[in-house]
Amino acid sequence: MTVEDDFNAFLRALPAAGALAGLDLGDRTIGIAVSDLRRQVATPLSTLRRVKFTEDAAALLALVTARGIAGLILGLPRNMDGSEGPRAQATRAFARNLGRLTPLPIGFWDERLSTLAAERALLEADTSRKRRSEVIDHVAAGFILQGALDRLGYLMREQKA
């Protein structure tokens, strides 16, 4: 089990190649986004309706296996002052439990304002209210994953320099 709080440690735990998945954990849904194999672009994929942990984990791990995912990024819902509340604790517990079921490295990314950014992007695209409610979670997961990919890219360039 590799659940990393430190993003540098997460990078070291990742295999050299393979796509990553980003997760936006909510109480009722899990938004899922995936990256390309070069880990440069995040694409919103789907939203999973939560049932209970064992079923949620089985569905996630089936998707991870089918897509050959090399690592997972979970959005960590921090408060605006940077502190962690009950939702962050629930995300960490989910990561620990999921980490017991998969050898994949799991990292966290600060998800503050990701849902707001997703909502704004969907409004700018003139998306209907009904459609926004259907896609908001996996679009937010895309914002979370893209932030993490950008940071990973920066760290990789820094290591080469």
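Nothing here was measured: the structure is a model prediction, and the numbers come from that model.

(A) Representation of the sheet that holds strand β6 (residues 105–110) in the model. Read from one edge of the open sheet, 6 strands run β1-β6-β5-β2-β3-β4, paired in mixed fashion. The open sheet has two edge strands with one neighbour each: β1 (2–4) and β4 (42–49). Going across the sheet, the axis of each strand differs from the next one's by a mean of 25°, ignoring polarity. Bridge count for strand β5 (residues 71–76) against β6 is 5 bridges, and the pairing is parallel. Counterpart to Leu72 in the pairing with β6 is Ile106.

(B) The nonpolar core, seen in detail. Of all hydrophobic cores here, the largest spans 24 residues; its most connected members are Ile30, Leu72 and Leu74. Of all the elements in the fold, those that place two or more residues in this core are β2 (20–25), β3 (29–35), α2 (53–67), β5, α3 (86–99) and β6. The element that contributes the greatest number of residues to this core is α2, accounting for 5 residues. Filtering out sequence-adjacent residues up to four positions away, Leu74 remains in contact with Leu23, Leu25, Thr91, Phe94, Ala95, Ile106, Gly107, Phe108 and Trp109. Counting 15 residues, the second largest nonpolar core, distinct from the first, contains Leu11, Ile73, Ile144 and Leu145.

(C) Just the packing of aromatic side chains, in detail. Here the structure, examined in full by the defined rule, presents 3 aromatic pairs. A ring pair is formed by Phe7 and Phe10, whose centres lie 5.6 Å apart and whose planes are at 35°; its orientation type is tilted. Here the residue Phe7 and the residue Phe10 both occupy positions in helix α1 (residues 7–13), the gap between them amounting to 3 residues, near one helical turn. What makes Phe7 buried here is its relative accessible area of 11%. A centroid spacing of 5.3 Å and a plane angle of 80° characterise the contact between Phe53 and Phe94, whose relative ring orientation is edge-to-face. Remark: Phe94 occurs in helix α3 and Phe53 occurs in helix α2; sequence separation between them is 41 residues. On the basis of relative accessible area, Phe53 is assigned to the partly exposed category, the value being 25%.

(D) Highlighting the packing of α2 against α3. Closest axis-to-axis distance for the α2/α3 pair is 11 Å, and the angle between their directions is 65°. In the packing of α2 onto α3, the handedness of the crossing is right-handed. Side by side, α2 and α3 meet where Phe53, Ala57, Leu60 and Leu61 of the first sit next to Phe94, Asn97 and Leu98 of the second. Partitioning the contact of α2 with α3 into residue classes produces 6 nonpolar, 1 polar and no charged.

(E) Fine view of the confidence of the model for the chain. Confidence in the prediction of the chain, expressed as mean pLDDT, is 85, and 82% of residues score 70 or more. Looking across the chain, the model is least confident in helix α4 (residues 114–124), with a mean pLDDT of 60, and most confident in α2, with 96.

(F) Highlighting the pattern of salt bridges. One pass over the full model with this rule turns up 3 salt bridges. Ionic pairing is found between Arg50 and Asp56, a salt bridge with its closest N-O pair at 3.2 Å. The exposure class of Arg50 is partly exposed, given its relative accessible area of 27%. Relative accessible area serves as the criterion here: at 2%, Asp56 is assigned to the buried category. Here Arg87 makes a salt bridge to Glu111, at a shortest N to O gap of 3.7 Å. With a gap of 24 residues between them, Arg87 in helix α3 and Glu111 in the loop between β6 and α4 connect regions that are remote in the sequence.

Calculation criteria
- Residues numbered from 1 in each chain as written.
- Predicted model: local features only at pLDDT ≥ 70, side-chain atom pairs only at ≥ 80, totals over all residues.
- Heavy atoms only, no water.
- Pairing = 2+ DSSP bridges.
- Helix = DSSP H or I, 4+ residues; strand = E, 2+ residues; numbered from the N terminus.
- Axes fitted to C-alpha atoms, helices over the stretch in contact; angles between N-to-C directions.
- Core = buried A, V, L, I, M, F, W, Y, C linked by side-chain atoms within 4.5 Å.
- Buried < 20%, exposed > 50% of the residue type's maximum accessible area, 1.4 Å probe, protein only.
- Contact = heavy atoms within 4.5 Å.
- Phe/Tyr/Trp six-rings, centres within 6.5 Å; stacked < 30°, edge-to-face > 60°.
- Left-handed = near helix turned anticlockwise from the far one by under 90°.
- Nonpolar A, V, L, I, M, F, W, Y, C, P; charged D, E, K, R; others polar.
- pLDDT = per-residue confidence, 0-100.
- Salt bridge = Lys/Arg side-chain N within 4 Å of Asp/Glu carboxyl O.

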